[in-house]
Amino acid sequence: MNNYFVILAAGKSKRFHKNIAKQLYNYKNKEIIDHSIEKSLNSKLFRKIIIVSNNVNYLKKKKYPKLISIIKGGKERSDSSFLALKYLKKYNPKNVFIHDAARPNFSIKLLKNIVKNLRKNKAVVPIVSSKDSIKYRIKDQIFNLNRNNSFLTQTPQAFRFKELYDLAIHEKNKITDEAALFINKNKKIKFILGETQNSKVTYLDDIKISKTYFGIGFDIHKLTKNKKLYLGGVKIPFHSGLKGHSDGDVILHSIIDAILGATKKKDIGTYFPNSKKFKNIRSPKMLKPIINNLNKSNFFINNIDINLICEQPKVSKYRNKIISSISKLTGLNKDQINLKGKTVEKLGLIGKEKAIACEVIISITKYD
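Here the residue numbers are simple positions, counted from 1 along each chain's written sequence. The predicted nature of this model means local features are confined to residues of pLDDT at least 70 and side-chain atom pairs, given and counted, to a pLDDT of 80 or more, with totals for whole chains, interfaces and linings taken over all residues. Excluding hydrogens and water, the side-chain figures rest on all heavy atoms present in the structure.

What about helix α9 (residues 283-296)?
Side chains three or four residues apart in an α-helix point the same way, a direct result of the helix having 3.6 residues per turn. Labels follow the DSSP assignment, with helices taken as runs of H or I lasting at least four residues and strands as runs of E lasting at least two, numbered in each case from the N terminus. Every helix has an expected span of 1.5 Å times one less than the residues it contains. Taking 1.5 Å of rise per residue, 14 residues should cover 20 Å, and α9 covers 21 Å from first to last C-alpha, within 8% of that figure. For every residue, the accessible area (1.4 Å probe, protein chains only) is compared with the maximum for its type, and the residue is labelled buried under 20%, exposed over 50%, or partly exposed between those bounds. Taken residue by residue, α9 has Ser-283, Pro-284, Met-286, Leu-287, Ile-290, Ile-291 and Leu-294 as its buried positions. The arc enclosing the buried residues of α9, seen along the axis, measures out at 150°, which places them on a common side. Of the exposed residues in α9, those oriented more than 90 degrees away from the buried face are Lys-285, Lys-288 and Lys-296. Contacts are residue-level and defined by heavy atoms, with any inter-residue pair within 4.5 Å sufficient. Packed against the buried residues of α9 are α7 (250-262), α8 (268-271), β17 (299-309), α10 (315-330) and β19 (355-366). One or two steps after α9, the chain reaches Asn-298, where phi turns positive at roughly 65°. Comment: arc refers to directions from the helix axis out to C-beta atoms.

Right under this line is the structure:
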């Protein structure tokens, strides 16, 4: 295919960060610009990829594949775009895609859809509906814009190269996207559905990522006769219960320790020592303040994964009841909780049905 992809990355990013060029900011484990570069490469739709930047020396050190060229950008977006078109003219391209590096979240599926629509159209532009009410000003008057008749344009935008070049070379005004060139001359554009995730990064808060933490919990207790067995807050019919200062619920104890580990709050013994105050305390009463503090600290639980390690009782028989109990105690949906039963092939105290152990991994996320 005679397609060429232009990535505009010469902006000064004044609204983003005073010290870091937006395009070079680390986002999802790579620089913002690299998301666009990798997707355009992986799509295998383009003969050449042009990066327009004012950080040419830095980018050239990254040693991109040979089909990528890096050229210096201009003062304005429209200047950089035209510089790319002039550079591409010698290759006699049929189609050119113009993309803002500040949109790292577009998909290869969108690229393929644009290519498909470009077969019968000279200009293809992805759009999405506005989620907000829109106002506009004329002198001192404010008017409501009909949201149903308004939409937001995205990039990449694709064009027949010759048509776009001819319009750009005669345009004297600064434009904010290439679609404006066609609209200004009343030329037809094929608008297709864009992607809601393909939003433009303008401010640092646009890509502020919530921090996720993981915690591991583990507990083991001996089984003892004449005591009730509680697992996950559920009373389980069994010949023995778990020996401990509390009710010995290894599942809830492991969940507590996993939460404390993820939030760097030491361990369960710090908050519930073997003192008279907590003698025979039920584990749901221990879990409740831990969950309350988690919520007050602006954390939410993503999921809990539980391994209950025992020969008996069989986990499959009580799995649904235990998950329902944990769901009520934590406020999580049942599908965020997983419970697996593990045996130890008759080895050790657990294998001889003299103890039960549990391990838990939990994922939590911090939000503002």
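After that view of the structure, there is still more to cover.
Thoughts on a positive patch on the surface
There is a patch of like positive charges on the surface, built from Lys-222, Lys-243, Lys-352 and Lys-354. Counting through the fold element by element, Lys-352 comes out in the loop between α11 (348-351) and β19. Its relative accessible area of 57% is what places Lys-352 among the exposed residues. Patch membership needs two things, relative accessible area over 30% and no salt bridge, and members are linked within 9 Å if like-charged or within 5 Å if nonpolar (Val, Leu, Ile, Met, Phe, Trp, Tyr). Exposure was quantified through the Shrake-Rupley algorithm and a 1.4 Å probe, taking into account, for residues, occlusion by the shown protein chains and nothing else. Here, a salt bridge means any Lys or Arg side-chain nitrogen found within 4 Å of an Asp or Glu carboxyl oxygen. Positive charges come from Lys and Arg alone, negative charges from Asp and Glu alone, with His and the N- and C-terminal ends not counted. To locate a charge, take NZ of a lysine, CZ of an arginine, CG of an aspartate or CD of a glutamate.

With respect to the pattern of salt bridges
Evaluated as defined, the whole model comprises 10 salt bridges. In this structure, the salt-bridge partner of Lys-62 is Glu-31, at a minimum N-O distance of 2.7 Å. One end of the pair, Lys-62, is in the loop between α2 (56-60) and β5 (68-72); the other, Glu-31, is in strand β3 (residues 30-31), and 31 residues separate them in sequence. It is possible to trace a salt-bridge network through shared partners that takes in Glu-31, Asp-34 and Lys-62.

Thoughts on the sheet that holds strand β16 (residues 240-242)
We treat two strands as partners when DSSP finds at least two bridges between them. Spatial strand order, β16-β13-β19-β17-β18: 5 strands in an open sheet with mixed pairing. The open sheet terminates on both sides in strands that have one partner only, identified here as β16 and β18 (337-342). Averaged over all neighbouring strand pairs, the angle between strand axes comes to 20°, with direction disregarded. Bridge analysis of strand β13 (residues 211-225) against β16 gives 3 bridges, and the strand direction is antiparallel. The partner of Leu-223 across the bridge, within β16, is Leu-242. Across the face of the sheet, α10 comes into contact with β17 and β18 while running at roughly 145° to β18. To define axes, lines are fitted to C-alpha atoms, for helices over the stretch in contact only, and angles between the resulting N-to-C directions are given on a 0 to 180 degree scale.

What to know about the packing of aromatic side chains
Aromatic ring pairs are described here by two measures, namely the spacing of the ring centres and the angle between the planes. For Phe, Tyr and Trp, where Trp contributes only its six-membered ring, two rings pair if their centres lie within 6.5 Å, and the inter-plane angle classes them as stacked under 30 degrees, edge-to-face over 60, or tilted in between. Tallied over the entire structure, the rule returns 12 aromatic pairs. Note on Phe-272 and Phe-278: the rings are 5.3 Å apart at their centroids and 80° apart in plane angle, and the pair reads as edge-to-face. Residue Phe-278 is classed as buried on the basis of its relative accessible area, which comes to 11%. Each member of the aromatic cluster is reached from another via a ring pair, and the members are Tyr-4, Tyr-87 and Tyr-91. Note on geometry: a ring has a charge over it if NZ (lysine) or CZ (arginine) is within 6 Å of the ring centre and within 35 degrees of the ring normal. Taking the ring centre of Phe-106 as reference, the NZ or CZ of Lys-39 above it sits at 5.0 Å. The ring centre of Tyr-165 lies 5.5 Å from the NZ or CZ of Lys-89, which sits over that ring.

Honestly, it's all geometry; don't read function into it.
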